[in-house]
Amino acid sequence: MRSLSIFLITLFLSLSTPKVEAASNFGYFGFEPDIITNYIATSNKKLGYVRVTVELMIKDMGNLEVVEHHSPLLRDAIVEIISKEQEEHVKSLTGREEIRKRCSERVKELLKEETGQEIVHDVLFTKYLYY
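Each residue is numbered by its place in its chain's sequence as written, counting from 1. Residues qualify for local features only when their pLDDT is at least 70, as the model is predicted, and side-chain atom pairs are given and counted only at 80 or more; totals for whole chains, interfaces and linings, by contrast, use all residues. The side-chain numbers reported here are obtained from all heavy atoms of the structure, hydrogens and water having been left aside.

**A word on the pairing of strand β2 (residues 35-39)**
Within a regular strand, side chains alternate between the sheet's two faces. Side-chain alternation along β2 places Ile-35, Thr-37 and Tyr-39 on a buried face and Ile-36 and Asn-38 on a face that remains uncovered. Pairing between two strands is assigned when DSSP locates at least 2 bridges connecting them. Secondary structure elements follow DSSP: runs of H or I no shorter than four residues count as helices, runs of E no shorter than two count as strands, and numbering proceeds from the N terminus. By the bridge criterion, five bridges tie β2 to strand β3 (residues 48-58) in an arrangement that is antiparallel. Following the sheet pairing, Tyr-39 is matched in β3 by Gly-48. Here's how the labels work: a residue is buried when its accessible area is under 20% of the maximum for its type, exposed when over 50%, partly exposed in between, all with a 1.4 Å probe on protein chains only.

Next comes the structure, spelled out in C-alpha cells:
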C-alpha cells in the first residue's frame, strides 16, 4: 500500500511540474551604421530628420548570415517607412511604436518572401532621436 501511495505521489508531481523548454537560440542583428533619414516636416523652413538604431531579434542565430545577406533590402524598407511619416507621428510615443510595428511587419514579410522562413521575431528601436 505504501509503494502505491509513493507511486501516485510521484506520478502526480511529474504531471503537475511545468515542462522546461529547451534553451532559446534567440540572437540580435544590429544595423551599422544607424539609420538616418528625413521625415515630412510640417513647416517648409526646416528639414526634419530622424536617427534610429535598429536591432532585429532573430529566432535562431543560425540564420544570422541570411539576415546579413538581406540587410540592404531590410534597411531600405525601414528607411522607406520612416521617410513617409509626418512630423507629429515621428515625434510622438504612440507614433514611434506604430512605426516600429510597421517596420517589424515589413521586415518579417520581406524575409518570408526571400527565404520562405520566419526568421525575425521582432524589430527593436534601441535609440530614437529626431530633430
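That was the structure; now back to the text.
**Looking at the pattern of salt bridges**
Note on pairing: side chains with opposite charge can pair once their charged atoms come close. We count a salt bridge whenever a side-chain nitrogen from Lys or Arg sits within 4 Å of a carboxyl oxygen from Asp or Glu. Applying the stated rule across the entire model yields nine salt bridges. Lys-59 is paired through a salt bridge with Glu-118; the nearest N and O atoms lie 3.4 Å apart. Pair noted here: Lys-59 is in the loop between β3 and α2 (64-69) and Glu-118 is in the loop between α5 (93-115) and β4 (120-130), with a separation of 59 residues, a long-range link. We note a salt bridge from Glu-109 to Arg-106, for which the minimum N-O separation is 2.5 Å. Of this pair, Glu-109 and Arg-106 both sit in helix α5, three residues apart, which is roughly one turn of that helix. Note on Arg-106: relative accessible area 31%, which makes it partly exposed. Among the ionic contacts, a cluster of salt bridges with common partners joins Asp-34, Arg-51 and Lys-127.

**A closer look at a nonpolar patch on the surface**
Patch members must show over 30% relative accessible area and no salt bridge, and they are joined within 9 Å when carrying like charges or within 5 Å when they are nonpolar side chains of Val, Leu, Ile, Met, Phe, Trp or Tyr. Note that accessible areas follow from Shrake-Rupley with a 1.4 Å probe, and for residues the cover is restricted to the protein chains shown. A cluster of nonpolar side chains, Ile-36, Tyr-49 and Tyr-131, forms an exposed patch at the surface whose accessible area comes to about 340 Å². Residue position: Tyr-131 is located in the segment after β4.

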